[in-house]
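Structure assessment
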Amino acid sequence: MIERIWSGRSPLWLLLWPLSLLYGAITWLIRLSYQRGWQQSWRAPCPVVVVGNLTAGGNGKTPVVIWLTEALQARGLRPGVVSRGYGGKAAHYPLLVTGETSTAEAGDEPVLIAQRTGVPVAVAPRRRQAIEALLAAHSLDIIITDDGLQHYALQRDREIVVVDGVRRFGNGWWLPAGPMRERAHRLQQVDAVIVNGGNATSPEIAMTLQPGRAVNLLSGETAALSALPDIVAMAGIGHPPRFFTTLQQQGIKTVAEIAFADHHAYSEPELAGLTLSGQCLLMTEKDAVKCRKFARDNWWYLPVEAQLSGAAVAPLLDDITRLARGA
């Protein structure tokens, strides 16, 4: 239903329109308060790059954070990542993510980023605290924030926005009548726009999510998707249909497709009941970080890599590299 409202296919968005105007007014006043100096923002002692979005829901932001982190590592830089840690509840903040940190504490995305990249990751509702904790523990060249475009209490040196190329901005209205946290004209003020799927137009950067081989949660064994038995697909991400579409594009016919809410807290009995004998359960890597401790031998996940293309990719990386090196 929410997708129909946000896309404009349902007239119910008109009932929510007054609340959208209120949301827009509040967000405008918050940003204005930092621009005018009525509230003080904080500048980190090293460069900060924000990877965020204008809309609610999954746009592919975390794969871009991983892509950027790995690209900077390949250039000999030492990045760190901070996150609000949505979906996690730690006993204290800031929280430095380690190999023992659970998704219940840090949230699924910070744990996934730490496992995939090996870079220092810290979580705190106030990103300043996360950055200070990272810099106290590590010598870093640059900080990447996973989300936080609207967190104006933190000054930033570069802003990257990730857009769902299929859904774009729906009906274009602020929450809750539409999907927008900020209106689309905000794109004119950012340093790069990355479009995940659909059609990117210049100067946007085109992005696709390239799936790899399926990985068994228990053994770590890898296999081609086509080699898996009858597949029950599940996804608890911002936009589950994207995962199911990826499988279809790989020629996979699933037995069932089951969508959960983003950041859903899974239990073993809940997932064990999704498959019958001879079937396998295939999930996203973001789901897998929450399920490893109670995984069964027929549970697999599908890692994806963000692939960016276009003439603007190299200049973006060169710019951020110069920023990190203080050039």
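The shown structure was predicted, so the numbers you read here are calculated from the model rather than taken from an experiment.

Calculation rules
- Residues numbered from 1 in each chain as written.
- Predicted model: local features only at pLDDT ≥ 70, side-chain atom pairs only at ≥ 80, totals over all residues.
- Heavy atoms only, no water.
- UniProt positions renumbered as here; feature names shortened; annotations may be inferred.
- Helix = DSSP H or I, 4+ residues; strand = E, 2+ residues; numbered from the N terminus.
- Pairing = 2+ DSSP bridges.
- Axes fitted to C-alpha atoms, helices over the stretch in contact; angles between N-to-C directions.
- Left-handed = near helix turned anticlockwise from the far one by under 90°.
- Contact = heavy atoms within 4.5 Å.
- Nonpolar A, V, L, I, M, F, W, Y, C, P; charged D, E, K, R; others polar.
- Expected span 1.5 Å × (residues − 1).
- Buried < 20%, exposed > 50% of the residue type's maximum accessible area, 1.4 Å probe, protein only.
- Salt bridge = Lys/Arg side-chain N within 4 Å of Asp/Glu carboxyl O.

Turning to the UniProt feature "transmembrane region" (unreviewed entry) in the chain, a few remarks are in order. The UniProt record annotates "transmembrane region" (unreviewed entry) at residues 12–30. Secondary structure within residues 12–30 divides into 95% helix and 0% strand; the distance between the first and last C-alpha atoms comes to 28 Å.

The 9 strands are arranged E3-E4-E2-E5-E1-E6-E7-E8-E15 in an open sheet whose pairing can be described as mixed. Unpaired on one side and paired on the other, strand E3 (95–96) and strand E15 (304–309) mark the two borders of the sheet. Where strand E1 (residues 48–52) and strand E5 (residues 142–146) come together, 4 bridges link them in parallel fashion. Bridge pairing in E5 places valine 51 opposite aspartate 146.

Right, let's get into the packing of helix H3 (residues 61–74) against helix H10 (residues 313–325). The geometry of H3 relative to H10 is characterised by a closest axis approach of 11 Å and an angle of 65° between their N-to-C directions. Considering how the two elements wind past one another, H3 and H10 form a crossing that is right-handed. Across the interface between the two elements, Trp67, Leu68, Ala71 and Leu72 of H3 pack against Val313, Leu317, Ile320 and Thr321 of H10. Each residue belonging to the contact of H3 with H10 can be placed in one class, and the counts come to 7 nonpolar, 1 polar and no charged.

A few words on H3. Its 14 residues place the ends of H3 20 Å apart at the C-alpha level, agreeing with the 20 Å of an ideal helix rising 1.5 Å per residue. Counting buried residues along H3, 10 of its 14 residues qualify, which places the element largely inside the surrounding structure. Of the residues making up H3, those classed as buried are Lys61, Thr62, Val64, Val65, Ile66, Trp67, Leu68, Thr69, Ala71 and Leu72. In the stretch just after H3, glycine 76 is the one whose phi turns positive, near 85°.

A full pass over the atoms with the stated rule returns 19 salt bridges. The partner of arginine 181 in a salt bridge is aspartate 147, with the nearest N and O atoms 3.2 Å apart. One end of the pair, arginine 181, is in the loop between strand E6 (158–164) and strand E7 (192–196); the other, aspartate 147, is in the loop between E5 and E6, and 34 residues separate them in sequence. Close ionic contact of arginine 158 with aspartate 319 constitutes a salt bridge, the shortest N to O distance being 2.6 Å. On the criterion of sequence distance, the pair formed by arginine 158 in strand E6 and aspartate 319 in helix H10 is long-range, its members being 161 residues apart. Of the residues examined, aspartate 319 reaches a relative accessible area of 21% and is grouped as partly exposed. Within this structure, Arg156, Glu159, Glu182 and Arg186 form a network of salt bridges that share partners.

Moving on, we come to the sheet that holds strand E14 (residues 299–302). With mixed pairing, the 6 strands of this open sheet are ordered in space as E10-E9-E14-E13-E11-E12. Each having just a single partner strand, strand E10 (222–223) and strand E12 (256–259) make up the two edges of the open sheet. Where strand E11 (residues 230–235) meets strand E13 (residues 279–284), 4 bridges bridge the pair, whose relative direction is parallel. Looking at E13, one finds that valine 232 is bridged to leucine 281. On top of the sheet, helix H7 (residues 240–249) reaches E11, E12, E13 and E14; it is set at about 150° to E11, its chief contact.

What follows concerns the UniProt feature "binding site: ATP" (unreviewed entry) in the chain. The sites that carry the UniProt feature "binding site: ATP" (unreviewed entry) are, in the present numbering, Thr55, Ala56, Gly57, Gly58, Asn59, Gly60, Lys61 and Thr62. The topology assignment puts glycine 58 in the loop between E1 and H3. When residues no more than four places from it in sequence are discounted, the contact partners of glycine 58 are Asp164, Arg167, Gly238, His239 and Arg242. As for its position among the elements, threonine 62 is in helix H3. Residue class for threonine 62 comes out buried when judged on its relative accessible area of 8%.

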